[in-house]
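# Structure assessment
Each chain, letter by letter, is given below.
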Amino acid sequence: VQLQASGGGMVQAGGSLRLSCAATGGTFSRYVMGWFRQAPGKEREFVAAINWSGGSTYYADSVQGRFTISRDNAKNTVYLQMNSLKPEDTAVYYCAAKYSRWYDTNPVEYDYWGQGTLVTVSS
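What comes next concerns the included structure. Being a predicted model, the structure only gives us computed values, none of them experimental. (Residues numbered from 1 in each chain as written. Predicted model: local features only at pLDDT ≥ 70, side-chain atom pairs only at ≥ 80, totals over all residues. Heavy atoms only, no water.)

Further remarks concern the pairing of strand E9 (residues 91-98). Within E9, 7 of the 8 residues are buried, which leaves it mostly tucked inside the rest of the structure. Where strand E4 (residues 32-38) and E9 come together, 7 bridges link them in antiparallel fashion. Within the sheet, the bridge partner assigned to Val32 lies in E9 and is Lys98. As paired strands, E9 and strand E11 (residues 117-122) are joined by 3 bridges and run antiparallel to one another. Bridged to Ala91 within E11 is Val119. As judged from the 2 bridges shared by E9 and strand E10 (residues 112-113), these two strands associate in the antiparallel manner. (Buried < 20%, exposed > 50% of the residue type's maximum accessible area, 1.4 Å probe, protein only. Helix = DSSP H or I, 4+ residues; strand = E, 2+ residues; numbered from the N terminus. Pairing = 2+ DSSP bridges.)

In structure tokens form, the structure reads like this:
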């Protein structure tokens, strides 16, 4: 599976961005999809995950209520809608795929990764 993330950019605090991650190869609907982020000097951290059908989602406490993960299996694409952005959301955002029924917050459990897209939130 190859993953291509896009949609990053620079936005002011309080603004919104929508990230997309397009998958090619494999059977997209069999993968749990996740979003992670990594700020300079920090470890990669879990942001959100979504199950096969899109009927179950899970969020890090830091983004709960502000971010929404969704997927369109017909388009082999997962999205991350980010609202009420804060400067501390600044990071490179990565999408990841896990060939499993169960999501996980540990990045080492994911099998495939996109190249990352930079999100910069100014105060």
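What follows picks up the thread again.
Along the polypeptide, Thr117 turns up in strand E11. For Thr117, a relative accessible area of 10% corresponds to the buried category. Polar side-chain contacts of Thr117 include one of 3.0 Å to the backbone nitrogen of Gly8. Each residue touching Thr117, except ones within four places of it in the same chain, is listed here: Ala5, Ser6, Gly7, Gly8, Leu19, Ala91, Val92 and Tyr93. (Polar contact = N/O pair within 3.5 Å; in protein donor to acceptor, adjacent residues only side chain to side chain. Contact = heavy atoms within 4.5 Å.)

Here we come to the sheet that holds strand E1 (residues 2-6). One open sheet holds the 4 strands; their spatial order is E1-E3-E8-E7, and the pairing between them is antiparallel. Because the sheet does not close on itself, it has two edges, and the strands there are E1 and strand E7 (67-72). Taken over all neighbouring pairs, the strand axes of this sheet differ in orientation by 15 degrees on average, direction set aside. Examined bridge by bridge, E1 and strand E3 (residues 17-24) share 5 bridges and lie antiparallel to one another. Its bridge partner lying in E3, Ala5 is registered against Cys21. (Axes fitted to C-alpha atoms, helices over the stretch in contact; angles between N-to-C directions.)

This part covers the pairing of E11. Taking every second residue as pointing to the same face, the buried face of E11 carries Thr117, Val119 and Val121, while none of Leu118, Thr120 and Ser122 on the other face is buried. Of the strand pairs in this sheet, strand E2 (residues 9-12) and E11 are connected by 4 bridges, and their pairing is parallel. The partner of Val11 across the bridge, within E11, is Val121.

Right, let's get into the state of the cysteines. One pass over the structure, following the stated rule, counts 1 disulfide. A disulfide bridge connects Cys21 with Cys95, and the sulfur atoms are separated by 2.0 Å. The disulfide joining Cys21 to Cys95 has a torsion of about 60 degrees about its S-S bond and is therefore right-handed. A residue pair is termed long-range when its members are at least 10 positions apart, and Cys21 in strand E3 and Cys95 in strand E9 qualify at 74 residues. (Disulfide = S-S within 2.5 Å.)

Our next topic: the side chain of Thr77. Inspection of the secondary structure assignment puts Thr77 in strand E8 (residues 77-82). With near-sequence residues (within four places) excluded, Thr77 lies in contact with Ser20, Cys21, Ala22, Phe28, Ser70, Arg71 and Asp72.

Looking now at the pattern of salt bridges. Applying the stated criterion across every chain, the model contains 3 salt bridges. Asp89 is the partner of Arg37 in a salt bridge, and the nearest nitrogen-oxygen pair spans 2.9 Å. Linking Arg37 in strand E4 with Asp89 in the loop between E8 and E9, this pair joins segments that are 52 residues apart in sequence. There is no split in this pair, since Arg37 and Asp89 are both buried. The structure contains a network of salt bridges with shared partners spanning Arg37, Glu45, Arg66 and Asp89. (Salt bridge = Lys/Arg side-chain N within 4 Å of Asp/Glu carboxyl O.)

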